[in-house]
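A structural walkthrough
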Amino acid sequence: MNKAGKFLTGLLVFLTLTISSGYSSSFFTGYAGGMLNLGADSSASQYNPELDLTAFFSGQFSYSENFWSHLEFSIETEDLFDQSLFSKTDSAFQIDELSFIKRNPTLNGSNYFSAYMGTYDPIGSDIFLQRYFGIEAIGTKLAESYLGLAGSILYPHFGIGIADVIKPSTKPTAYGFYLYLNNENSQYYILNADLRFATSLRYFTFDICGGIGAPLYDTYKGESIFLVISKIYLHAGTTMLLGNNYTTSLFLQAGLFNTSYQKGSSWELATDSIYLLLEPRFRTKNSHINLSIYALPQTTVDKFLFVDDTLGVDLNIYSDTIPISAKMYTMGVHLGFGLPGKSILSFFPTNKSDPNDNLANLIQSIMSLNFDVNVTPYIATEIFGGEINAQLKLKIMDFVNKEWYKAFSAEVGYRVKF
């Protein structure tokens, strides 16, 4: 983030705290969590343990019935074993959302106007559906992380901008408009405009958002100018659930990020801009079986707990009604098969010079055992008003490759609402 962005972020955080202290009737609710990950350095030639921490905090300040704000941030540390636990450790801190929302009730519904910085109502998360329809979470368990909103994003709504959402009172629908500015490319800012539509019915939930981005150059061919747009970017994403959390159902997420178009040329589709997840969910009286087929960008994979590769399949078998000593437990196991560095485009032969971008190379990669097989049993239960989770990941191919010291990792996490 540049100096101007840091200054504006600090100013808005200050205003949030100042406004909240100025309202004697303000009300606060929050959600926080953290996870410790014990694994091994994948680049080492012998066992070298690593201990990392990821955590997030999310809060809502309600100043009145029709005016509130959201604040969320996350943190990721480097290896805590590099220093003692009581010494300074390098970490990455990110403010994921800072927003102010004003609701204007009307005869036909409500209008929600927002000014925000960060990742606001990101497509890929079901937070938009929860906020405007009051439903339970419907997202895939495959996307679980301890990074808050930053953990599950089809494409980033990240930036500085405004949003307007209309929620009719007579229909289970919501309509949104977003206008925001970001600088994902360090050379220029990008102005984005998005439209959104969502609905939530008994057996069908749908959220779709898409728009365009235009780079804003301040110079062109050596001459100072006011504005030049020589390229546009297309981004879109959708989340869909056929059925509901209490029936056998089909969950789908798909997205494109920064597919570019320039006058006189064709659309440019990058392999790392495609997000696809298809998940049939089968439910019996006491158990669940979710089969996930996915093709994800590497930046997304890096945030997920149960996914190590960009292309693969995961089978999640679990039960959330296991009684032990008068307490209910969730127990299950993820069985995963993944292909590192591959994408959905690897299934389609092309004439490109890159030999990694065709079906033949994909088959050859599998035949040469260049894939991952993971087994991840996990357990969760409620304690002290929150939820504690623990899991153990076993990477089978590290045993096959005689690198057993990299095959194990364990995570323990805790989340609580207050």
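Numbering of residues begins from 1 in every chain and follows the order in which that chain's sequence is written. Owing to the predicted nature of the model, reporting of local features is limited to residues with pLDDT of at least 70; listing and counting of side-chain atom pairs is limited to 80 or more, with chain, interface and lining totals taken over all residues. To obtain the side-chain values, all non-hydrogen atoms of the structure were used and water was disregarded.

**With respect to the environment of lysine 303**
Operational definition: A run of H or I in DSSP counts as a helix once it spans at least four residues, and a run of E counts as a strand once it spans at least two, with each numbered from the N terminus. Accessibility here uses a 1.4 Å probe with only protein chains present; expressed as a share of the type maximum, an area under 20% marks a residue as buried, one over 50% as exposed, and anything in between as partly exposed.
Tracing the sequence through the fold places lysine 303 in the loop between α3 (298-301) and β15 (311-324). Residue lysine 303 is classed as partly exposed on the basis of its relative accessible area of 32%. Sequence separation between lysine 303 and glutamate 144 is 159 residues; the distance between their C-alpha atoms is 8.6 Å.

**So, the packing of aromatic side chains**
Cut-off, in case you're wondering: Classification of ring pairs uses Phe, Tyr and Trp, with its six-membered ring standing for Trp, and accepts pairs whose centres are within 6.5 Å; under 30 degrees between planes counts as stacked, over 60 as edge-to-face, and the remaining range as tilted.
Counted according to the given criterion, the structure contains 18 aromatic pairs. Seen from their ring centres, phenylalanine 73 and phenylalanine 93 are 5.5 Å apart, and the 45° between their planes marks the pair as tilted. Residue phenylalanine 73 is located in strand β3 (residues 67-77), and its partner phenylalanine 93 is located in strand β4 (residues 91-106); the two are separated by 20 residues in the primary sequence. Overall, phenylalanine 73 belongs to the partly exposed group, its relative accessible area being 28%. Phenylalanine 93 sits in the exposed class, given a relative accessible area of 52%.

**Structural notes on the pairing of strand β16 (residues 327-339)**
Filter applied, for reference: If DSSP finds at least two bridges between two strands, the strands pair.
The pairing of β15 with β16 spans 12 bridges and is classified as antiparallel. What sits directly across from valine 313, in β16, is phenylalanine 337. Following β15, the chain reverses through 2 residues before pairing antiparallel with β16; serine 325 in that reversal takes a positive phi of roughly 55°. Sheet topology places β16 next to strand β17 (residues 372-383); 10 bridges connect them, and they run antiparallel. Its bridge partner being in β17, glycine 338 is matched across the sheet by aspartate 372.

**Here's the deal with the pattern of salt bridges**
A pair can form between side chains of opposite charge whenever their charged atoms are brought close. To keep things clear, this is the line we draw: A pairing counts as a salt bridge when a side-chain nitrogen of Lys or Arg comes within 4 Å of a carboxyl oxygen of Asp or Glu.
Under the definition given, this model contains 8 salt bridges. One salt bridge connects glutamate 65 with arginine 103, and the closest N-O pair in it is separated by 3.9 Å. Remark: arginine 103 occurs in strand β4 and glutamate 65 occurs in the loop between β2 (49-64) and β3; sequence separation between them is 38 residues. Between glutamate 97 and arginine 131 there is a salt bridge, with its nearest N and O atoms 3.3 Å apart. Note that glutamate 97 is positioned in strand β4 and arginine 131 in helix α2 (residues 127-133), a separation of 34 residues in sequence. On the basis of relative accessibility, which here comes to 1%, the residue glutamate 97 falls in the buried class. Linked through salt bridges whose partners overlap, the residues forming this network are Glu97, Asp121 and Arg131.

**Quick look at the nonpolar core**
Applied cut-off: Here, nonpolar core means buried Ala, Val, Leu, Ile, Met, Phe, Trp, Tyr and Cys residues that are tied together by side-chain atoms lying within 4.5 Å of each other. Contact definition: two residues touch when any of their heavy atoms are within 4.5 Å.
In this structure, Tyr120, Phe128, Tyr132, Val165, Tyr178, Leu296 and Val307 are the most contacted members of the largest nonpolar core, which totals 36 residues. Among the elements of the structure, β5 (109-119), α2, β6 (158-168), β7 (173-182) and β13 (274-283) are those that each provide at least two residues to this core. Among the elements that line this core, the one with the most residues is α2, at 4 residues. Residues in contact with tyrosine 132, not counting those within four places in the same chain, are Tyr112, Tyr120, Asp121, Val165 and Lys167. If you look at the next biggest cluster of nonpolar residues, it comprises 6 residues, including Phe61, Tyr63, Leu71 and Leu98.

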